[in-house]
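# Notes for the structure review
Now for the letters of each chain:
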Amino acid sequence: MNKYKLFSALQRLKDIVEAKEFLLVSRIADTAFTRFRKMSFCAMIYFIISAKRRCVQHELDEFFRQKGADSMSRQAFAKGREKIKPEAIRFVNEGIIADFETHDKAIVTLHNHRAFAVDGSLIDLPENDKMRQTFGYTKGSAGSSHCKARAMVALDLFNNICVYGELLSLKFAETTYMHEISDYFSNIDTYENCIFVLDRAYPSLKLFKKLESNNQFYLMRTATSFYKEIVNAPAADQVVTVRKRGEQAEVRVVKFELSSGITEILVTNLPKEFTREELILLYAKRWGIETNYHYMKNVELLECFTGESVTAVLQDFYAGILMLNLAAIACREQADQLECEAKRNPKKYKYKPNNKQIIHDIKTDFVKMLSAKNACSRIFRRFFLLIK
């Protein structure tokens, strides 16, 4: 089966960014980007997406060197990016995801259901008054405080694509915002009857009812202080009824023991078609979203923002998710090539794609990749050079 290729994703990205309609809906004012500038609207979008989060001036010099043109100052860049709506980069990411959903013929599912892990994480932000007013802050020891925002991300557990990402004010709680995410997914046909895999902070009767009303499934770990009907369920796999304030719901309870002797409790509304063992393995895959946050913060360097305004922070956040998706598409493609190579030339150890290296290489050769005429171009052959 044909998988969606990195070349196709980059061509889709280029088509979106260079369309005249995209400029018209993405700029803050009608007068923005109407005159010739050293850095055009498209070039500014490309730079934000491919930034390595180092010294901005150094990266600008490197970017223009790839284009064979004179560089610009970081002050001029900072002024120019304020004319672009942050949602523009989110729109590009959504376009690539839609193209992936349409053209990838090897999307992995579980009994024809897509599985998504949703989780939040606190993000360190540049310290200034505007940032604190927009996103909020947390209090530390000795009266100190730190400007932070709450990231909410939904990850396709079997295909490793970030299908949703938002940077929110701290006034939004993860558990209540999950209701908004449920409504968002309910409006996408390809995510119909999807499964949400959630950690123990999320379970509540209210959320159970919300997901069921949207024809969605859930698999959640619960705390030992949760509803007594669930915690005290005697069997390893059984259906119980929970009640609270006149409402009730039937939930399936699955219990299993870890090697440490601790008993974990999962609740779900998935039918018996999904075996107990499958549910345990599916929940174990939830760790993928923790790994995703690791790459977002420590490889993509999300918290090393290339600007100190709210607009810059949101642009960088959406660009970080977009870059992780491009890397995930490249990883799937390279994994197939490594598998074919292993069949031709068996080795003692099985090679797998280096996600960190892939992110670095896409950013380094981003401009050249956009200019490639086809997937067989020299830049892509070099990029997918198999490890020998």
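Residues numbered from 1 in each chain as written. Predicted model: local features only at pLDDT ≥ 70, side-chain atom pairs only at ≥ 80, totals over all residues. Heavy atoms only, no water.

### A closer look at the layout of surface pockets
Space inside the largest pocket adds up to approximately 920 Å³. Around the largest pocket, the lining comprises 33 residues; the ones closest to its centre are Asn 160, Cys 331, Arg 332, Ala 335 and Pro 353. Among the secondary structure elements, those contributing two or more residues to the lining of the largest pocket are helix 12 (287-299) and helix 13 (310-344). When residues in the lining of the largest pocket are grouped by element, the largest group, eleven residues, is from helix 13. Grouping the constituent residues of the lining of the largest pocket by class yields 17 nonpolar, seven polar and nine charged. Roughly 270 Å³ of volume is contained in the second largest pocket. Lining the second largest pocket are 14 residues, with Phe 33, Arg 37, Ala 76, Gly 80 and Lys 83 sitting closest to its centre. If one sorts the elements of the lining of the second largest pocket by residue count, helix 5 (residues 74-81) sits on top with three residues. Here the lining of the second largest pocket is composed, by residue class, of six nonpolar, three polar and five charged. (1 Å grid on protein atoms, 1.4 Å probe; cavity = no way out; pocket = protein on both sides within 12 Å on 5 of 7 lines; lining within 4 Å. Points joined across faces, edges and corners; volume = space filled by probe spheres on them. Helix = DSSP H or I, 4+ residues; strand = E, 2+ residues; numbered from the N terminus. Nonpolar A, V, L, I, M, F, W, Y, C, P; charged D, E, K, R; others polar.)

### Points about empty space enclosed by the protein
For the structure on display, the rule yields one cavity of 30 Å³ or more. In this structure, the largest cavity spans a volume of roughly 110 Å³. Only helix 3 (41-50), helix 4 (56-67), helix 14 (355-364) and helix 15 (366-371) provide two or more residues apiece to the lining of the largest cavity. Top contributing element to the lining of the largest cavity by residue count: helix 4, with four residues.

### Observations concerning helix 5
Within helix 5, burial applies to Phe 77, Gly 80 and Arg 81. End-on, the buried residues of helix 5 take up no more than an arc of 95°, which puts them together on one face. Buried residues belonging to helix 5 abut helix 3, helix 4 and helix 13. (Buried < 20%, exposed > 50% of the residue type's maximum accessible area, 1.4 Å probe, protein only. Arc of directions from axis to C-beta. Contact = heavy atoms within 4.5 Å.)

### Re the nonpolar core
By size, the foremost hydrophobic cluster in this structure holds 130 residues, and its most contacted members are Leu 13 and Leu 326. Ranked by the residues each element gives to this core, the list is headed by helix 13, at 16 residues. Apart from residues lying up to four places away in sequence, Leu 13 is in contact with Tyr 46, Ile 49, Val 92, Ile 96, Leu 322, Leu 326, Phe 366 and Leu 370. (Core = buried A, V, L, I, M, F, W, Y, C linked by side-chain atoms within 4.5 Å.)

### Looking at the pairing of strand 6 (residues 217-222)
As a general feature of sheets, a regular strand has side chains that alternate between the two faces. When you tally the buried positions in strand 6, you get six out of six residues, the bulk of the element. With burial as the criterion, each face of strand 6 is covered, one bearing Phe 217, Leu 219 and Arg 221 and the other bearing Tyr 218, Met 220 and Thr 222. Pairing of strand 5 (residues 195-198) with strand 6, which is carried by four bridges, proceeds in the parallel orientation. Bridge pairing in strand 6 places Phe 196 opposite Tyr 218. Regarding the hand of the β-α-β motif, the stretch spanning strand 5, helix 9 (residues 205-213) and strand 6 is right-handed. Sheet topology places strand 6 next to strand 9 (residues 263-268); four bridges connect them, and they run antiparallel. For Met 220, the partnering residue across the bridge sits in strand 9 and is Val 267. (Pairing = 2+ DSSP bridges. Right-handed = clockwise from strand over helix to strand, strands pointing away.)

### Observations concerning unusual backbone geometry
Located in the positive-phi region is Asn 193, a residue other than glycine, with phi close to 60°. Along the polypeptide, Asn 193 turns up in the loop between helix 8 (174-186) and strand 5. Under the relative-accessibility criterion, Asn 193 is labelled partly exposed at 31%. You will see that Arg 245, though not glycine, has its phi angle at about 50°, which is positive. Positionally, Arg 245 belongs in the loop between strand 7 (237-244) and strand 8 (247-257). Taking the relative accessible area as the measure of exposure, Arg 245 reaches 78% and is therefore exposed.

### Considerations on the packing of helix 3 against helix 5
In the contact formed by helix 3 and helix 5, the axes pass within 11 Å of each other and the chain directions differ by 105°. It follows that helix 3 is roughly perpendicular to helix 5 by the angle criterion. Between helix 3 and helix 5, the contacting residues are Met 44, Phe 47 and Ile 48 on the first element and Phe 77, Gly 80 and Arg 81 on the second. Taken together, the residues of the contact of helix 3 with helix 5 sort by class into four nonpolar, one polar and one charged. (Axes fitted to C-alpha atoms, helices over the stretch in contact; angles between N-to-C directions. Parallel < 35°, antiparallel > 145°, perpendicular 65-115°, else oblique.)

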